[in-house]
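Structural characterization, general
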Amino acid sequence: MSPVHQDHSADAAVAAMVNVRDAVPVSRDGTPVGFNANRTLRVRVELSRQLRRRRTQLAIGFMALLPIILVIAFAFGSNSGARGAVNLVDLATSGSINFALVSLFFSASFLLIVVISLFFGDTIASEASWSSLRYLLAMPVPRIRLIRQKVLVAGLLSLLALLILPISALIVGGIAYGWNPLSTPVGEQFTFADGLLRIGLIVSYVAIQLTWVAGLALMLSVLTDAPLGAVGGAVLISILSQILNQIDALGDLRNYLPTKYAFAWTGALVDPIRWDDMVRGGFLSLAYAAVFGAIAVLHFRRKDVTS
């Protein structure tokens with residue numbers, strides 16, 4: 001029988017199906033008669049599987065517990081900010097919305113990056129490390145559908161983690177500090193309802209801005225069979241980009257770094273809202289995500305899966 005696919009694992013799957021022709025009717029390409037690719041690896045099944053994993057439970061649980069940890073830290077920490085300077089502790093303890101805002105500020109540059117890298121960097125590499133990837137493809141689950149379903153589930157988990165943090169912070173902050181209006185570091189004040197809208201805008205921007213991290217982690221997950229390498233690589237590259245963004249000697253080159261507009265969401269804290277940097281940051285992040293995602297898909301389509 002001549003090969004019909006570009007990799008040995010798929011050809012082996014076809015040969016196996018042909019050998020059991022009497023038990024399972026198969027078509028010429030080796031798939032069972034009546035096979036429907038749209039019924040393989042459904043999002044509901046994969047999401048349920050991922051939610052049962054300990055790393056998912058710990059990551060989401062930590063996002064919910066972080067506001068409680070911050071409240072304890074603010075209660076026992078010293079308040080010794082410089083005179084005239086904006087004190088984040090005073091800002092955070094002035095109300096629930098301010099507390100949610102400070103929680104996002106503390107998390108956006110590292111913690112959220114780690115969580116998103118964990119969910120996306122673990123997509124393909126974890127299956128390869130468990131030696132289950134070739135069996136998924138031999139079921140057979142089409143490669144494009146496999147990576148698409150994995151990305152959808154990783155995206156849902158990332159959005160869940162991103163939403164749990166501000167929601168938990170609003171609840172914990174409201175109980176600890178009251179349900180006061182939003183007060184910004186620049187002296188702007190907004191009603192409670194308007195403050196919720198601003199927080200929603202900030203969360204939406206952070207989700208879009210971090211798509212480049214998701215794309216990078218996905219690409220590394222396809223390129224390596226080690227989940228830790230994919231997750232750690234995405235985090236390290238993010239840290240490197242943040243360091244390079246602080247080097248003035250790079251000049252305009254910093255405008256092309258994916259972390260250049262990481263804190264452009266502060267434009268939502270003024271009236272009127274400053275959209276310019278948020279629009280630039282959103283398009284830049286989506287462009288990086290598209291490039292990384294395209295590389296991941298193209299490489300995965302041609303990859304000889306042996307694990």
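For the structure given in this document, a descriptive report is provided here. What you see is a predicted model, and the numbers here were worked out from it, not measured in a lab.

The subject of this paragraph is helix H6 (residues 111-121). Of all eleven residues in H6, nine are buried, a share of seventy percent or more. By the burial criterion, the buried members of H6 are Leu111, Leu112, Ile113, Val115, Ile116, Ser117, Phe119, Phe120 and Gly121.

Tracing the chain through its elements places Asp90 in helix H4 (residues 88-92). Here Asp90 falls in the partly exposed class, since its relative accessible area comes to 42%. In this structure, the C-alpha to C-alpha distance between Asp90 and Phe74, residues 16 residues apart in sequence, is 9.3 Å.

Moving on: the nonpolar core. Ranked by internal contacts, the top residues of the largest apolar core, which has 73 residues, are Met63, Phe99, Phe119, Leu133, Leu146, Ile202 and Phe300. Here this core gets 13 residues from one element, more than from any other, and that element is helix H9 (residues 143-177). Aside from chain neighbours lying at most four places away, what touches Met63 is Leu111, Leu112, Val115, Ala161, Ile164 and Leu165.

Turning our eyes to something else, we now look at unusual backbone geometry. Put simply, Asp271 and Pro272 share a cis peptide bond, and its omega is 5°. Relative to the elements of secondary structure, Pro272 occurs in the loop between helix H12 (227-245) and helix H13 (276-302).

By secondary structure assignment, the location of Phe283 is in helix H13. Residues Phe283 and Gln209 lie 74 residues apart in sequence; the distance between their C-alpha atoms is 8.4 Å.

For the coordinates displayed, the defined rule picks out seven aromatic pairs. Where Phe105 meets Phe263, the ring centres are 5.6 Å apart and the plane angle is 50°; that geometry is what we call tilted. Taken together, the positions of Phe105 in helix H5 (residues 96-108) and Phe263 in the loop between H12 and H13 put the pair 158 residues apart, joining distant regions of the chain. Owing to a relative accessible area of 35%, Phe105 belongs among the partly exposed residues under this scheme. Given the relative accessible area of 34%, Phe263 is considered partly exposed. Here the aromatic rings of Phe263 and Trp265 are separated by 6.0 Å at their centres, their planes lie at 50°, and the arrangement is tilted.

Enumeration over the complete set of coordinates arrives at eleven salt bridges. One salt bridge in this structure joins Arg254 and Asp248, with 3.1 Å as the shortest N-O distance. What makes Asp248 exposed here is its relative accessible area of 59%. A salt bridge links Arg274 to Asp276; the shortest N-O distance between them is 3.7 Å.

A cluster of nonpolar side chains, contributed by Phe62, Leu65, Ile68, Ile69, Ile72 and Phe76, occupies part of the molecular surface with about 600 Å² of accessible area. Within the secondary structure, Phe76 is located in helix H3 (residues 54-76).

A few words on H3. Relative to the 33 Å expected for 23 residues at 1.5 Å per residue, H3 spans 31 Å between its end C-alpha atoms, a close match to the ideal helical length. Largest kink in H3: about 35°, centred on Leu65, with the proline Pro67 one to four residues after it. All of the buried residues along H3 are Arg55, Thr56, Ala59, Ile60, Met63, Leu66, Pro67, Leu70, Val71 and Phe74. Considering only its buried residues, H3 is in contact with helix H2 (43-51), H4, H5, H6 and H9.

Looking now at the side chain of Ser238. When you line up the elements, Ser238 lands in helix H12. According to the relative accessible area criterion, Ser238 is buried, its value standing at 1%. If sequence neighbours within four positions are ignored, Ser238 has contacts with Ile113, Trp212 and Thr259.

Okay, the packing of H6 against H12 next. At their nearest, the axes of H6 and H12 sit 8 Å apart, and the two run at 145° to each other. As H6 packs across H12, the resulting crossing turns out to be right-handed. Counting all contacts with H6, which are made through Ile113, Val114, Ser117, Leu118 and Gly121, the residues of H12 involved are Pro227, Ala230, Val231, Ala234, Val235, Ser238 and Gln242. Looking at the contact of H6 with H12 residue by residue, the class counts come to eight nonpolar, four polar and no charged.

Calculation rules
- Residues numbered from 1 in each chain as written.
- Predicted model: local features only at pLDDT ≥ 70, side-chain atom pairs only at ≥ 80, totals over all residues.
- Heavy atoms only, no water.
- Buried < 20%, exposed > 50% of the residue type's maximum accessible area, 1.4 Å probe, protein only.
- Helix = DSSP H or I, 4+ residues; strand = E, 2+ residues; numbered from the N terminus.
- Core = buried A, V, L, I, M, F, W, Y, C linked by side-chain atoms within 4.5 Å.
- Contact = heavy atoms within 4.5 Å.
- Phe/Tyr/Trp six-rings, centres within 6.5 Å; stacked < 30°, edge-to-face > 60°.
- Salt bridge = Lys/Arg side-chain N within 4 Å of Asp/Glu carboxyl O.
- Patch = residues over 30% accessible without salt bridge, like charges linked within 9 Å, V, L, I, M, F, W, Y side chains within 5 Å.
- Areas by Shrake-Rupley, 256 points an atom, 1.4 Å probe, with all protein chains shown as cover.
- Expected span 1.5 Å × (residues − 1).
- Bend = angle between axes of the 7 residues up to and from the residue.
- Axes fitted to C-alpha atoms, helices over the stretch in contact; angles between N-to-C directions.
- Left-handed = near helix turned anticlockwise from the far one by under 90°.
- Nonpolar A, V, L, I, M, F, W, Y, C, P; charged D, E, K, R; others polar.

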